[in-house]
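# What the coordinates show
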Amino acid sequence: MGTTASQLGKDLLSEYQELTFLTKQEILLAHKRFSELLSKEDRNLTSVPMEKVLSLPELKSNPFRKRICHVFSTSDMKDGSLTFEDFLDLLSAFSDSATLEIKSHYAFRIFDFDDDGTLDGGDLEKLVNCLTGETEDTRLTPEEMRQLISNILEESDIDKDGTVNLSEFQHVISRSPDFVSSFKIVL
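Cut-off values and rules
Residues numbered from 1 in each chain as written. Predicted model: local features only at pLDDT ≥ 70, side-chain atom pairs only at ≥ 80, totals over all residues. Heavy atoms only, no water. Phe/Tyr/Trp six-rings, centres within 6.5 Å; stacked < 30°, edge-to-face > 60°. Helix = DSSP H or I, 4+ residues; strand = E, 2+ residues; numbered from the N terminus. Buried < 20%, exposed > 50% of the residue type's maximum accessible area, 1.4 Å probe, protein only. Core = buried A, V, L, I, M, F, W, Y, C linked by side-chain atoms within 4.5 Å. Contact = heavy atoms within 4.5 Å. Disulfide = S-S within 2.5 Å. Polar contact = N/O pair within 3.5 Å; in protein donor to acceptor, adjacent residues only side chain to side chain.

The name an unreviewed UniProt entry gives the protein is Calcium and integrin-binding protein 1-like, with Salvelinus namaycush as the organism.

Take a look at the structure:
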């Protein structure tokens with residue numbers, strides 16, 4: 001563990017602590033896990049491909065795993081690859097210490113599949129399909145999906161424009177006591 005701390009450096013470690021909701025120990029563990037994702041020949045790379053990030057047990061079974069990588073990736077290639085700082089941002093947003101505002105902001109971005117700043121019918125359909133699975137046994141009928149999306153919009157779309165914006169989403173989330181405790185990833 002000492003080599004990991006020295007690889008990061010005390011100043012950088014302190015800076016990461018100030019900029020995230022993570023403890024020193026969590027940052028060091030994150031660095032160790034991130035380094036393990038890089039193969040020996042990849043050690044000089046600054047980012048880990050999305051496929052390797054998705055192999056983490058903490059993400060493997062998350063139905064939104066690819067969206068999570070895309071939302072936190074700063075790659076110009078838009079390929080979902082993560083730098084160490086992207087990885088820290090991800091872990092910070094999903095940490096127990098992150099605020100409701102931070103968690104709901106990132107949840108909204110994850111659910112906004114077309115990245116247009118609103119949750120419309122298409123986003124809500126993809127969200128439901130991620131949650132229910134897209135197998136024949138679990139897929140909703142078109143009528144069930146239409147009714148569910150209509151119910152979601154009826155409940156959430158305060159300004160009645162046919163979409164859910166960030167503030168409307170945060171309003172709904174604020175009434176969900178389990179959200180903060182369920183929106184987490186622990187290494």
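A few words now on the packing of aromatic side chains. Scanning the entire structure with this criterion turns up 10 aromatic pairs. Measuring from centroid to centroid gives 5.1 Å for F64 and F111, while their planes differ by 55°, and the two rings are tilted. With F64 in the loop between α5 (57–60) and α6 (65–72) and F111 in helix α8 (residues 100–111), this pair connects stretches of sequence that are 47 residues apart. We note that F64, like F111, is buried. Cluster of aromatic residues (ring-pair linked, three or more members): F72, F94, Y106, F179 and F183.

Membership of the largest hydrophobic core comes to 48 residues, with the highest contact counts inside it found for F72 and F84. Top contributing element to this core by residue count: helix α7 (residues 84–93), with six residues. When sequence neighbours within four positions are dropped, the list of residues in contact with F72 reads L82, D86, D89, L90, A93, F94 and Y106.

Such a bond, covalent and formed between the sulfur atoms of two cysteines, is termed a disulfide. Enumeration over the complete set of coordinates arrives at zero disulfides. Unpaired in this structure, C69 has its nearest cysteine sulfur neighbour in C130, at a distance of 13 Å. Taking relative accessible area as the criterion, C69 reaches 0% and is therefore assigned buried. Since its relative accessible area comes to 22%, C130 is described here as partly exposed.

Its place among the elements puts S95 in the loop between α7 and α8. Residue class for S95 comes out buried when judged on its relative accessible area of 5%. Each C-alpha atom of the pair S95 and L22 lies 7.2 Å from the other, and the pair is 73 residues apart in sequence. If we ignore the near neighbours within four places in the chain, the residues touching S95 are F21, L22 and K103. At a separation of 2.9 Å, a polar atom in the side chain of S95 contacts the main-chain carbonyl oxygen of S92.

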